[in-house]
Amino acid sequence: MSVAVTEAPSGRGNAVAGDCQAGDWVAAVPLTELEAKGRALVKRGGRQIALFVTPGGVRAIANRCPHEGYPLSEGTLSEGVEADGPGACTLTCNWHNWKFDLETGEVAGGGDAVRVFPVDIRDGVVHVDVADLPAEERIARALAGLKDGFRRPERDRMARDLARIEAAGGDPRLALAAAVEWTHDRLEYGSRHGYAALPDWLALADVAADPDGRLACLTETVGHLADDALRHPVFPYPTGGEPWDEDRFVAAVEAEDEASAVRLVRGGLAAGGFETLDRGLCRAALMHYQDFGHSAIYVEKTREAAARLGGHAPVEALVLALVRSLINARREDLIPEFKAYRPARDAWTGRGSAKAKPADFCRASVAKCLERALAASGDTDRLYDAMLEAASWQLLRADPLYAGRAVQPVSQNVNRLDFSHAITFANAGRRIAARHRELWPDVLLQIACFLGRNGGFVDPGYDWRRWQVTDVDRFLAEAADGVIDHGQAEYIVTAHLAKMLCAVREEVAAAPNAARVPALAAALTRFLNEPFRRIL
């Protein structure tokens, strides 16, 4: 019979008579035996290979279906329609009806292609080239598959392609960086929780107990980015650049002038990278009490994402999305509830001599919290500690009535995220102020706004003792395992689980013996273990 030789989907050349010594050829099965049975499963070179006799010749493919690993040797063969050309043949996996072109390995309708192997007949024996594809080619194919998976989306396919990148010796951070590039201009209002959670999932990947946990963290990240951008059109960024000027940048954000802000940050990146922009971004994020703290959190998470992605980091893409989010940030300090913020900020002197205590902020109004922060402004570190402990106290005693009730007045629209944001914002603010101490007043007074808002929705009689933690270090390690294996369906939920866990871990690491640590750990326990409210 005339035997055709298969070609890998990646475009590797066919084996020909004079080229048979290339690759890693192994004897598979006598041709007569294969012809008698029509198919065969052989194990060679550490691989399972399914061989088929088709109208176009002998074909060899990886036996495991790339969908869920079922044996393709048990599949059903069917000849292609006339338009497919002479000898075309399709193999259907009988478990989930995936259909593969046995010549190319491609799957009908899109999805993971199956690996095909070159075949050669020598002295009546079928030989198969089981050589690995070059690592660069395997990584490129996996990245292409990952991008295709973004269009559907297919979380299982994303996981497989991420695993393929790592198995080929590639750095999976390359895939995360590519995912940012694919999505940053599809975010109409700029950075979202997917970008903010990216460095947290990378941090959790570093402490994952096993490779499966690490893969889960990476998949969570790319899946969230795909979910944020799925089927969104492109929203192009303004073009051009101009020399960085921090004050002009802050003014451009204030004026909601995206074109000017984008041109300025491009100039700053060209001049010195993210560090050149850092203080201007922090100033813009803290200019007002805005966006429920997201602006400051996003600045810190963008900075951390760029650092964790290392040389792969698409810094400009990350920064452009961040700037767009700053331009579109909501001004909570313009609504009546927080109207005391701007006068308090204008009144800050940094000379207040009162000794801040957590009890000062646990149940006070916004105005009172701001007043007490001003009175204790002379010792910013002590004030921060007191406020963070107060935020933990509030989360521990958050009234379950509001957290679990789906229908309630707008004025009572409070859930656990209101309480957790006081902590995650504080964590971001502390990091910012560590680099730019002149921004401490903005950080501390905005924490006071969170505390004042949340203080009206606590139940002092709530029995919080069940959430107490006896061994904080062990608890944090176990909590990381639990967040990685979360079992949650919604990315917005898992992003907040990761964000809150990482914020608490950092605060404990920064001051492991601080008085606030027990309350902070207990608050995290409650946050991770009580269900989120769903509004149907």
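## Here we look at the pattern of salt bridges
- Enumeration over the complete set of coordinates arrives at 48 salt bridges.
- A salt bridge links Arg324 to Glu258; the shortest N-O distance between them is 3.1 Å. Of the two residues, Arg324 is situated in helix 11 (residues 315–327) and Glu258 in helix 8 (residues 258–272); the sequence distance between them amounts to 66 residues.
- A relative accessible area of 18% means that Glu258 is categorised as buried.
- Arg435 is the salt-bridge partner of Asp278, the closest N and O atoms lying 2.8 Å from each other. On the criterion of sequence distance, the pair formed by Asp278 in helix 9 (residues 274–286) and Arg435 in helix 16 (residues 416–435) is long-range, its members being 157 residues apart.
- The exposure class of Arg435 is partly exposed, given its relative accessible area of 26%.
- The structure contains a network of salt bridges with shared partners spanning Asp200, Asp206, Glu275, Asp278, Glu300, Lys301, Arg303, Glu304, Arg308, Arg431, Arg435 and Glu506.

## Topic: the state of the cysteines
- One pass over the full model with this rule turns up 0 disulfides.
- This cysteine, Cys217, is not joined by any disulfide, and Cys502 carries the nearest cysteine sulfur, 9.1 Å off.
- In this structure Cys217 comes out as buried when scored by relative accessible area, which is 0%.
- Judged by its relative accessible area of 3%, Cys502 is buried.

## Topic: the sheet that holds strand 6 (residues 89–92)
- As summarised here, the arrangement of the 3 strands in space is 5-6-7, forming an open sheet in which the pairing is antiparallel. Sheet topology places strand 5 (76–79) and strand 7 (99–101) at the edges, where each strand pairs with a single neighbour. Adjacent strand axes in the sheet meet at a mean angle of 30° when their direction is disregarded.
- Of the strand pairs in this sheet, strand 5 and strand 6 are connected by 4 bridges, and their pairing is antiparallel. For Ser78, the partnering residue across the bridge sits in strand 6 and is Thr90.

## Some words on the environment of Leu133
- Of note, Leu133 is situated in the loop between strand 10 (125–129) and helix 2 (135–150).
- Taking the C-alpha atoms as reference points, Leu133 and Arg186, separated by 53 residues in sequence, lie 34 Å from one another.

## A look at the packing of helix 14 (residues 380–396) against helix 16
- At a minimum axis separation of 9 Å, helix 14 and helix 16 run at an interaxial angle of 160°. It follows from the interaxial angle that helix 14 and helix 16 lie roughly antiparallel. Remark: the crossing between helix 14 and helix 16 carries left-handed chirality. Contacts between helix 14 and helix 16 involve Tyr384, Leu388, Ala391, Ser392, Gln394 and Leu395 from the former and Arg416, Phe419, Ala422, Ile423, Ala426, Asn427 and Arg430 from the latter.
- Grouping the constituent residues of the contact of helix 14 with helix 16 by class yields 8 nonpolar, 3 polar and 2 charged.

## Regarding the side chain of Arg115
- Relative to the helices and strands, Arg115 is located in the loop between strand 7 and strand 8 (116–117).
- One buried charged residue, Arg115, forms no salt bridge at all, with the nearest opposite charge on Asp132 at 4.9 Å.
- At 2.8 Å, the side chain of Arg115 forms a polar contact with the backbone oxygen of Ala131.

## A short note on the sheet that holds strand 3 (residues 47–54)
- Here 4 strands make up an open sheet; going across it, the order is 2-3-4-8 and the pairing antiparallel. Every interior strand has two partners, whereas the edge strands, strand 2 (39–44) and strand 8, have only one.
- Note that strand 3 and strand 4 (residues 57–62) share 6 bridges and pair antiparallel. Bridge pairing links Ala50 to Ile61 in strand 4.

## Looking at the packing of aromatic side chains
- In the structure shown here, the tally under the stated rule is 10 aromatic pairs.
- Measuring from ring centre to ring centre gives 5.4 Å for Tyr289 and Phe450, while their planes differ by 85°; the resulting arrangement is edge-to-face. With Tyr289 in the loop between helix 9 and helix 10 (294–309) and Phe450 in helix 17 (residues 440–454), this pair connects stretches of sequence that are 161 residues apart. The burial state of Tyr289 is the same as that of Phe450; both residues are buried.
- An aromatic cluster of three or more residues is present, and its members are Tyr289, Phe292, Phe338, Tyr341, Phe425 and Phe450.
- A cation over an aromatic ring shows up here: Arg324 above the ring of Tyr237, its NZ or CZ 3.9 Å from the ring centre.

## As for the nonpolar core
- Leu204 and Phe249 are the most contacted members of the largest nonpolar core, which has 138 residues in total.
- Every residue in contact with Phe249, bar those within four places of it in the chain, is listed here: Trp244, Ala261, Leu264, Val265, Gly280, Leu281, Ala284 and Val323.
- Residues Val29, Ala50, Ile61 and Val114 belong to the second largest nonpolar core, which totals 31 residues.

## Points about the confidence of the model for the chain
- In the predicted model, the chain carries a mean pLDDT of 91, and the fraction of residues at 70 or more is 93%.
- In this model, residues 1–20 is a region of pLDDT below 50 whose contacts with residues beyond four sequence positions or in other chains number 58 contacts.

## Brief notes about helix 7 (residues 246–254)
- The complete set of buried residues in helix 7 reads Glu246, Phe249, Val250, Ala252 and Val253. Each buried residue of helix 7 sits inside an arc of 160° when the element is viewed along its axis, so together they form one side.
- In the core, the buried residues of helix 7 are packed alongside helix 8, helix 9 and helix 11.
- Count one or two residues on from helix 7 and you reach Glu256, which has phi positive near 55°.

Each value, and the rule that gives it
- Residues numbered from 1 in each chain as written.
- Predicted model: local features only at pLDDT ≥ 70, side-chain atom pairs only at ≥ 80, totals over all residues.
- Heavy atoms only, no water.
- Salt bridge = Lys/Arg side-chain N within 4 Å of Asp/Glu carboxyl O.
- Helix = DSSP H or I, 4+ residues; strand = E, 2+ residues; numbered from the N terminus.
- Buried < 20%, exposed > 50% of the residue type's maximum accessible area, 1.4 Å probe, protein only.
- Disulfide = S-S within 2.5 Å.
- Pairing = 2+ DSSP bridges.
- Axes fitted to C-alpha atoms, helices over the stretch in contact; angles between N-to-C directions.
- Parallel < 35°, antiparallel > 145°, perpendicular 65-115°, else oblique.
- Left-handed = near helix turned anticlockwise from the far one by under 90°.
- Contact = heavy atoms within 4.5 Å.
- Nonpolar A, V, L, I, M, F, W, Y, C, P; charged D, E, K, R; others polar.
- Lys, Arg positive; Asp, Glu negative; His and termini not counted.
- Polar contact = N/O pair within 3.5 Å; in protein donor to acceptor, adjacent residues only side chain to side chain.
- Phe/Tyr/Trp six-rings, centres within 6.5 Å; stacked < 30°, edge-to-face > 60°.
- Lys NZ or Arg CZ within 6 Å of the ring centre and 35° of its normal.
- Core = buried A, V, L, I, M, F, W, Y, C linked by side-chain atoms within 4.5 Å.
- pLDDT = per-residue confidence, 0-100.
- Arc of directions from axis to C-beta.

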